[in-house]
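# Fold and contact review
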Amino acid sequence: MMNSNTASSNNGRKYAGTDRSHPDKYERFEEWLRENGAQFEMLELREYDSPKVQENDEAEEKKEQVTFSCHEQDEAESEMRGVHARTHLPPNSVCMAIPRRCLITVEMGQDTPIGQAILRSDLDLDAPKHIFLMIYLLWDRKVNGVNSFFHPYYEILPKTLSNMPIFWSQEELDYLKGSYLLQQIDDRNEAIAEDYYAICQIAPLAKICTLDEFKWARMCVCSRNFGLQIDGHRTSALVPHADMLNHYRPRETKWTFDEERQAFTITTLQSIPAGAQVYDSYGQKCNHRFLLNYGFAVEDNRELDGFCPNEVPLELSLSPDDPLFSQKSELWMRGEVHLSKITTKRVRVCVANNENHRLLLSLLRAMNASEEELQSLSSPVTSDMRSLFVPDHRALSPIYRSVRDIRHPLSLANERLAMLTLLHTVSSALAKYPTSLASDKEDLLDEQRYPPFSNKRHAKIQVRGEKEVLHHYARFARAALDVIDVIEQELKEEQQRGVEVQLGRGVLSEDTSRSCGYDYIARKMEEDEDVLHHTIVRYCVDVLGSLRKEEMRSLRRQRALPSTNTASPASMIRKCDPTADSYC
Ligand SMILES: C[S@@+](CC[C@H](N)C(=O)[O-])C[C@H]1O[C@@H](n2cnc3c(N)ncnc32)[C@H](O)[C@@H]1O
């Protein structure tokens, strides 16, 4: 128990003593919590070894610059801690309760002089949600130092956050070569600096922290805050001890602010054996968000149902020299604020994310549409085409709804061009990486060179995930192009059949079961579920199948018309530039 001589009391808060002879900072921290009514007797904090990767001098130098401590520099210490069960935890047990007085909330940051100045200003900050927690942390540490009520908490906060990519050395950033994350790291660094200098203009922020300390606070808050409802009011808070739980999915615990207890609580959702680590789920996220905001990437970022939330942004461009530029950009912007000069658009693609998947297809179709197709968008939709707009059972977000409602310039020829553009886009993205997906997978088997929890390993996991998504879309486009080839061959044969009929040479029977025919291929695709991802199968069967049906029907209608009809069925089969096939 803590020596009562070293504790003082204010507003019910018990202040921890600052006696440096006290055993260790973790004990001081736990005592402080207990003195203030926290309950966590079924849990214990553990410190793990830091990953050992050989780093060059430059990396070491960089890390020293960002070390942030409220007093003297401790020796290099592990920043990787976790919470373990002391005893067996049955399901539905409240294993942690942290009283309200131990929480740092947004409102506390707003009450500081700098918080007040920010509230009075009209600054448009990059992190408006986090800024007041950051300000409280920085202000309290500077102004109250070791006398702060929260001092025992500050002592256990990680000092360098050297796993956060914004603090990586150039050597570490090089592990991400080719990744879009590099741009996001630059953007994040820039946005933090902009916030810092903007606040410096309206308040004495420079008196309480340097830019590096401000960055440290941003990442500390970003990786440790909880979004809560307190007194019916949405807020964010830093919750000592609860922020020591590491991430794991599927979730094994849940947390809330319990109004009755006036405490933040963590409850088990399942039984957790004695000694096991107690995890919290930080949500279903793409690895780039885990890495950028928390400084780690999940090895196998896959949900129980097999869904993988990893995503990659694809950048598509419209040429301003395209004579159809304005109609196409109009299509791109449908359902959104109109921007007249839009030339590029980014869509985040994730394997089997239906919303972005449809958005991607709609952008690709608009990019490649012919004048006729763009004009035909005002004509009525046929029943077959209507089926292409039917949504699946997922809840629809507004963007998805707007994509679904948009009429697409749909034709087999346009699908071919869309798939060629897709293949070209993903091939260009893949070409930016210095290593292949196969070699990344092999590298990750080597735990000597890529030690668990090291920045080097996390970077590798991130780029591997990006390439997996890109390869999925390459497979998608290739499979679709193969199927389009088969359909176009069948349409040609159907057209030939029409010519034969008109010449009175009899009708060749249609053999739908032949091994290279569309029906056979579609059936095989549906049967061999594991060979191609279901989104690829659905596209080839539903979208391409409907287009095939529509174009076949149209050819037959043409055939039934009197011979004075001048519209050639062949005009429907607009072949694309054969040189573009080199992408395949
Ligand atoms: C809320 S804190 C958890 C406590 C933290 N381990 C500590 O020692 O202070 C979040 C940080 O823990 C680490 N972390 C959490 N889950 C992780 C995981 N699954 N793999 C690797 N690091 C993880 C990351 O550094 C992250 O920024």
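Residue indices begin from 1 for each chain and proceed along its sequence in written order. Residue-level local features of this predicted model are given only where pLDDT is at least 70; pairs of side-chain atoms are given and counted only at 80 or more, and the full residue set underlies all totals for whole chains, interfaces and linings.

Each helix is a run of DSSP H or I of at least 4 residues and each strand a run of E of at least 2, with the numbering of both proceeding from the N terminus. Regarding its fold elements, the protein chain presents 20 helices and 12 strands. Counting across all 584 residues of the protein chain, residues that qualify as buried make up 35%. Note that contacts rest on C-beta atoms placed from the backbone: two residues are in contact if these are within 7 Å. In the protein chain, the proportion of contacts linking residues at least 24 apart, taken out of those at least 6 apart, comes to 76%. Here a residue counts as buried when 20 or more other C-beta atoms sit within 10 Å of its C-beta, as exposed when there are 12 or fewer, and as partly exposed otherwise, the C-beta atoms being derived from the backbone.

Glancing now at the nonpolar core. Counting 63 residues, the largest nonpolar core has I98, I104, L133, L138 and A217 as its most contacted members. No other element matches helix α5 (residues 131-143), which puts 9 residues into this core. Ignoring sequence-local partners within four residues, the contact set of A217 consists of M134, L137, L138 and C209. Counting residues in hydrophobic clusters, the runner-up holds 62 residues, among them F290, L412, I461 and F476. The nonpolar core is taken to be a set of buried Ala, Val, Leu, Ile, Met, Phe, Trp, Tyr and Cys residues joined by way of C-beta atoms within 7 Å.

In this fold, P409 is placed in the loop between α15 (398-405) and α16 (412-431). C-beta crowding within 10 Å serves as the criterion here: with 24 such atoms nearby, P409 is assigned to the buried category. Taking the C-alpha atoms as reference points, P409 and E373, separated by 36 residues in sequence, lie 5.3 Å from one another. Those residues in contact with P409, other than ones at most four positions away along the chain, are R365, A366, A369, E373, L374, L377 and N414.

To decide nearness, the C-beta atom of each residue is placed from the backbone, and the residue is near a molecule or strand if that atom lies within 6 Å of it. Near the ligand, the surroundings consist of 16 residues, among which R81, S223, N246, H247 and F296 are the closest. Of all the elements in the fold, those that place two or more residues in the shell around the ligand are β4 (81-85) and α9 (211-224). Each residue gets one of three labels, nonpolar for Ala, Val, Leu, Ile, Met, Phe, Trp, Tyr, Cys and Pro, charged for Asp, Glu, Lys and Arg, and polar for the others, Gly among them. Across the shell around the ligand, the residue classes break down as 6 nonpolar, 6 polar and 4 charged.

Looking now at the environment of M552. Turning to its location among the elements, M552 is positioned in helix α20 (residues 534-560). For M552 and R28, which are 524 residues apart along the polypeptide, the C-alpha to C-alpha distance reads 78 Å.

With that out of the way, let us pick up the packing of helix α8 (residues 181-202) against α9. Axis definition: a line fitted to C-alpha atoms, limited for helices to the stretch in contact. Angles are taken between N-to-C directions and run from 0 to 180 degrees. Close contact between α8 and α9 brings their axes to 10 Å; oriented N to C, the two are set at 115 degrees. Crossing of α8 against α9: the hand is right-handed. Of the residues in α9, those in contact with I192, A193 and Y196 of α8 are L211, F214, K215 and R218. Classifying every residue of the contact of α8 with α9 by side-chain character gives 5 nonpolar, no polar and 2 charged. In this scheme, a crossing is called left-handed if the near helix is turned counterclockwise away from the far one by less than a right angle; it is called right-handed if the turn is clockwise.

A separate point is the sheet that holds strand β8 (residues 233-238). By the convention used here, strands pair only if DSSP detects at least 2 bridges between them. Taken in spatial order, the 3 strands make up an open sheet running β6-β8-β7, and their pairing is antiparallel. Unpaired on one side and paired on the other, β6 (104-105) and β7 (225-230) mark the two borders of the sheet. Summarising the sheet, β7 and β8 pair through 6 bridges and their orientation is antiparallel. Across the sheet, residue Q229 finds its bridge partner in β8, namely R234.

Bringing the domain arrangement of the protein chain into the picture now. Under the domain assignment, the protein chain is made up of domain 1 (21-294) and domain 2 (311-583). Per-element accounting of the side of domain 1 that touches domain 2 gives the leading share, 3 residues, to helix α10 (residues 287-294). Residues belonging to the side of domain 1 that touches domain 2 are distributed by class as follows: 10 nonpolar, 5 polar and 3 charged. An automatic or database domain assignment supplies the start and end points of every domain.

Cis peptide bonds are those with omega within 30 degrees of zero, and the linkage from R249 to P250 qualifies with 0 degrees. With respect to the secondary-structure elements, P250 resides in the loop between β8 and β9 (253-258). Positive phi outside glycine occurs at L161, with the angle close to 50 degrees. Relative to the assigned elements, L161 resides in the loop between α6 (151-156) and α7 (170-174). Take L161: there are 23 C-beta atoms within 10 Å of it, and that puts it in the buried class. Backbone geometry places D231, a non-glycine residue, at a positive phi of 55 degrees.

The 3 strands are arranged β5-β10-β9 in an open sheet whose pairing can be described as antiparallel. Both edges of this open sheet fall to β5 (94-99) and β9, since each of them pairs with a single strand only. Between one strand and the next, the sheet's axes are offset by a mean angle of 15 degrees, whatever the strand orientation. Here β9 runs beside strand β10 (residues 263-268); their pairing, made up of 6 bridges, is antiparallel. Following the sheet pairing, K254 is matched in β10 by T267.

In the contact formed by α5 and α9, the axes pass within 9 Å of each other and the chain directions differ by 125 degrees. Taken together, the axes of α5 and α9 are oblique relative to one another. In this structure, the crossing between α5 and α9 has a hand that is right-handed. Seen from α5, the contacting residues are L133, M134, L137 and L138; seen from α9, they are E213, F214, A217, R218, C220 and V221. Residues that form the contact of α5 with α9 fall into these classes: 8 nonpolar, no polar and 2 charged. The labels follow the angle: roughly parallel below 35 degrees, roughly antiparallel above 145, roughly perpendicular from 65 to 115, and oblique for the rest.

Moving on: the confidence of the model for the protein chain. The predictor attaches a confidence to each residue, called pLDDT, with possible values from 0 through 100. In the predicted model, the protein chain carries a mean pLDDT of 84, and 79% of its residues have values of at least 70. Across residues 1-9, confidence stays below pLDDT 50; counting only partners more than four residues off in sequence or on other chains, it has 15 contacts. Counted against residues more than four places away or in other chains, residues 564-584, with its pLDDT under 50, gives 26 contacts. The complex prediction reports pTM at 0.86, with the ipTM value standing at 1.00.

Attention now moves to the environment of L173. Looking at the element boundaries, L173 is found in helix α7. A count of 17 C-beta atoms within 10 Å places L173 in the partly exposed class. Between the C-alpha atom of L173 and that of A459, which follows or precedes it by 286 residues, the distance is 8.2 Å. Beyond its immediate stretch of four places on either side in the chain, L173 contacts W168 and L182.

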